[in-house]
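# Observations on the three-dimensional arrangement
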Amino acid sequence: HEGKKFSELTRGYGTLFPGYYANLIETGEETGCLPEVTGELQRFMEESRELKDFIITSSIYPMVVLTITIVVMILMFTVFVPQFARTFANMGRELPGSMVFLMTLSTIMSYAVWLVPLGLISLWFGLRSYLGIDRLRELRAAAMLKFPVLGKLIVELEIGKFIRTLSILVSNHVDIIKTVRIATRVIQNPLIRKSFDDVEPRLRGGEKLSAALTGNQFVPPSLPSRLRVGEESGNSGLMLVRAAVYLEEGARRSIKRLLGLFEPMIIIVLALGIAV
């Protein structure tokens, strides 16, 4: 009633709407495709919610096992081992080497339970004040990308969101430069987002989107060639949708593999701890 646009209103509600939501709605308003854009947004957010629910549901059992493992290890070294040591002492016997070793671990664990969290918190604030929050986020992002399975999963999720946003805007005939600019904002990992900084200048130089994405280390090698076919046949939006679906299915497979590795690793760690 006050004459404001719907995109302005979504920006005024803080975290209620994701940051890219208002940008996509604004492009829908400018191009006259608001119903189509909001329909794609609804489907995109429903699929994102389904993926999040899948991750949470699949993580319940591993997290329960991990919690029990941590509790058992702490109880072993802070409660049970000292009781065995007192039993040996009351019997007037000298502690064997294995019990001396366990007592040393018990002492370390007793202090580590409190000192390790405090040390990590102090290290975090120290690095943030010394390096700055942006540089610290870049280092954390680089470290996470180096993990074998987790790094691949992060890339698949981020590129999947990027391509899904591209498909929404390209299908609704939004200007390609503005499309890339909005889609890049969806990416949360700073290193992956920075890798697309040269796409907009290459588009301004006359290159097509398929050529501008060629050579990016995070983009699947098959995407530029498939997108090139879509550009020649006038079906770029459809090709991007198929690529996004393929990446999202790959992300689900990676999550299943990661959780499948997580459970036996926790059991092995627990078994090794008890064996020691």
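Residues numbered from 1 in each chain as written. Predicted model: local features only at pLDDT ≥ 70, side-chain atom pairs only at ≥ 80, totals over all residues. Heavy atoms only, no water.

### A word on helix H3 (residues 34-90)
As a reminder of what qualifies: We count a stretch as a helix when DSSP gives it H or I for four or more residues in a row; a strand needs E for two or more, and each element gets its number in order from the N terminus. For a helix, the expected span equals 1.5 Å multiplied by the residue count minus one. Bend at a given residue is defined as the angle between two axes, one fitted to the seven residues that end at that position and one fitted to the seven that begin there.
Taking 1.5 Å per residue as the helical rise, H3 with its 57 residues ought to reach 84 Å, and the 80 Å between its terminal C-alpha atoms agrees with that figure. Where H3 bends most, at Met76, the angle is about 40 degrees. A positive backbone phi angle near 75 degrees is found at Gly92, which sits one or two residues after H3.

### Notes on the packing of H3 against helix H12 (residues 236-275)
Put simply, the test is: Between N-to-C directions, angles cover 0 to 180 degrees, with each direction set by a line fitted to C-alpha atoms, over the stretch in contact for helices. Note on angle classes: values under 35 degrees are labelled roughly parallel, values over 145 roughly antiparallel, values of 65 to 115 roughly perpendicular, and the remainder oblique. Any residue outside Ala, Val, Leu, Ile, Met, Phe, Trp, Tyr, Cys, Pro, Asp, Glu, Lys and Arg is labelled polar, Gly included; the first ten of those are nonpolar and the last four are charged.
Where H3 meets H12, the closest approach of the two axes is 10 Å, and the angle between their N-to-C directions is 5 degrees. The orientation of H3 with respect to H12, classified from their angle, is roughly parallel. For the contact of H3 with H12, a count of residues per class yields 17 nonpolar, 4 polar and 5 charged.

### Section: the side chain of Thr10
Operational definition: N or O atoms within 3.5 Å of each other form a polar contact, as long as, within protein, one can give a hydrogen and the other can take it, and as long as residues adjacent in sequence are counted only when both atoms are side-chain atoms. For this analysis, residues touch if any pair of their heavy atoms sits within 4.5 Å.
Note that Thr10 resides in helix H1 (residues 6-11). Side-chain polar atoms of Thr10 contact the backbone oxygen of Ser7, separated by 2.7 Å. Look past the residues within four positions of Thr10 in its chain and what remains in contact with it is Phe17, Tyr21, Ala22 and Ile25.

### Points about the layout of surface pockets
How we decide: Note on definitions: the grid is 1 Å and covers protein atoms alone; a cavity is a set of points where a 1.4 Å probe fits but cannot get out; a pocket is an open set with protein on both sides within 12 Å along at least five of seven lines; lining residues have an atom within 4 Å of a point. Grid points are joined across faces, edges and corners, and a volume is the space filled by probe spheres set on the points.
Taken as a whole, the largest pocket spans an internal volume of roughly 950 Å³. Lining the largest pocket are 31 residues, with Lys52, Leu157, Glu158, Lys161 and Gln188 positioned closest to its centre. Tallied by class, residues from the lining of the largest pocket come to 15 nonpolar, 5 polar and 11 charged. By volume, the second largest pocket is sized at about 300 Å³. Lining the second largest pocket are 19 residues, with Lys152, Val155, Glu156, Pro220 and Leu247 positioned closest to its centre. Counted by class, the lining of the second largest pocket contains 11 nonpolar, 4 polar and 4 charged residues.

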